[in-house]
Amino acid sequence: MAQKIVQTNSSKKITPDACKHKHVFEVFLFVNPFGDTCLNCEEEVLKFVQQTDKKVYFRFITTSDMQTFNNYIKALDKPLSLADRNSLYLAHQEVCKGYKAALLQGKKVGREYLMKIQDYFGRQGNPYSHEKMLEIAQSKRLDTDMWLQDFHSDLTQEGIVADAKLARQMQISANPTVVVFDNINYKYGFKLEENITLENLEYLTDQMMIPSEEAMDQEMNQKPILTCIKK
């Protein structure tokens, strides 16, 4: 389901005719640090960015607050003891820190590190260990001494807190969730919580370029996965 988010920090209205070909989209994909489904969605976002003729900036943001973590546990559909749940939650926190530390060495290498983590622990279902996380960091050409230092740094922790705040502002309750903003239709962002595919991202951004707000609402509501609400 796509939800419409009101963005209120813009003060200048730009006429659609003047900016028909100047749309710039910001794509925020909120993911589980172990999620197999999230990895699939990341791959779809990358395909969209590579294949679309639109200008797109994107970020993958790991979140593991209690609400999204509990939703992840439910999706696993298997019994876990309290000790197992606690261990898994702590592992999620470690991977979030590892990803933020990796990003300090570059967005691409950080993204590759995250996707390898998700592939090994999520898609392949291997048990988590800190040692394996370090091994994956080495395999992705990270400076591991710097990575370990950043892993424990205040800067990394501040980044995690900032990501959690952003997730709350965008009302993220489950992973994966994608939120898309357009610099021209500046009032609105759209949140898609299912069927995050190349095709749906292309469709969504096409509809966001419709100049009229009323026309946009009408078009978005024609597809059952794209119903809209205001924040």
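Please read these numbers as outputs of a predicted model, since none were measured by experiment. The numbers attached to residues start from 1 for each chain and follow its sequence in the written order. Only residues with pLDDT of at least 70 get local features here, since the model is predicted, and only at 80 or more are side-chain atom pairs given and counted; chain-wide, interface and lining totals rely on the full set of residues. Note that the side-chain values use all heavy atoms of the structure and ignore hydrogens as well as water.

(A) Representation of unusual backbone geometry. Of note, the bond from Asn175 into Pro176 is cis; its omega dihedral lies within 30 degrees of zero at 0°. Strands here mean DSSP runs of E at least two residues long; helices mean DSSP runs of H or I at least four residues long; both are numbered from the N terminus. Here Pro176 lies in the loop between helix 7 (154-169) and strand 4 (177-182). Although it is not a glycine, Arg141 adopts a positive phi angle of roughly 65°. Tracing the backbone shows Arg141 in the loop between helix 5 (130-139) and helix 6 (144-151). Residue Arg141 is classed as exposed on the basis of its relative accessible area, which comes to 64%. Partly exposed describes any residue whose relative accessible area lies between the buried limit of under 20% and the exposed limit of over 50%, with all areas from a 1.4 Å probe on protein chains only and scaled to the type maximum.

(B) How the structure looks around the side chain of Glu42. Position of Glu42 among the secondary structure elements: in helix 1 (residues 36-51). Although Glu42 lies buried, it forms no salt bridge, and the closest oppositely charged side chain, Arg111, sits 7.8 Å away as judged by the N-O distance. His is not counted, nor are the chain ends; Lys and Arg add positive charge and Asp and Glu add negative charge. Here, a salt bridge means any side-chain nitrogen of Lys or Arg that lies within 4 Å of a carboxyl oxygen of Asp or Glu.

(C) Structural detail: the pattern of salt bridges. The final tally for this structure, using the stated rule, is nine salt bridges. The partner of Arg123 in a salt bridge is Asp36, with the nearest N and O atoms 3.2 Å apart. Of this pair, Arg123 sits in helix 4 (residues 107-123) while Asp36 sits in helix 1, and the two are 87 residues apart along the sequence. Relative accessible area serves as the criterion here: at 33%, Asp36 is assigned to the partly exposed category. The shortest N-O distance in the salt bridge between Lys100 and Asp163 comes to 3.1 Å. Taken together, the residues span a long stretch of sequence, with Lys100 in helix 3 (residues 82-103) and Asp163 in helix 7 at a distance of 63 residues.

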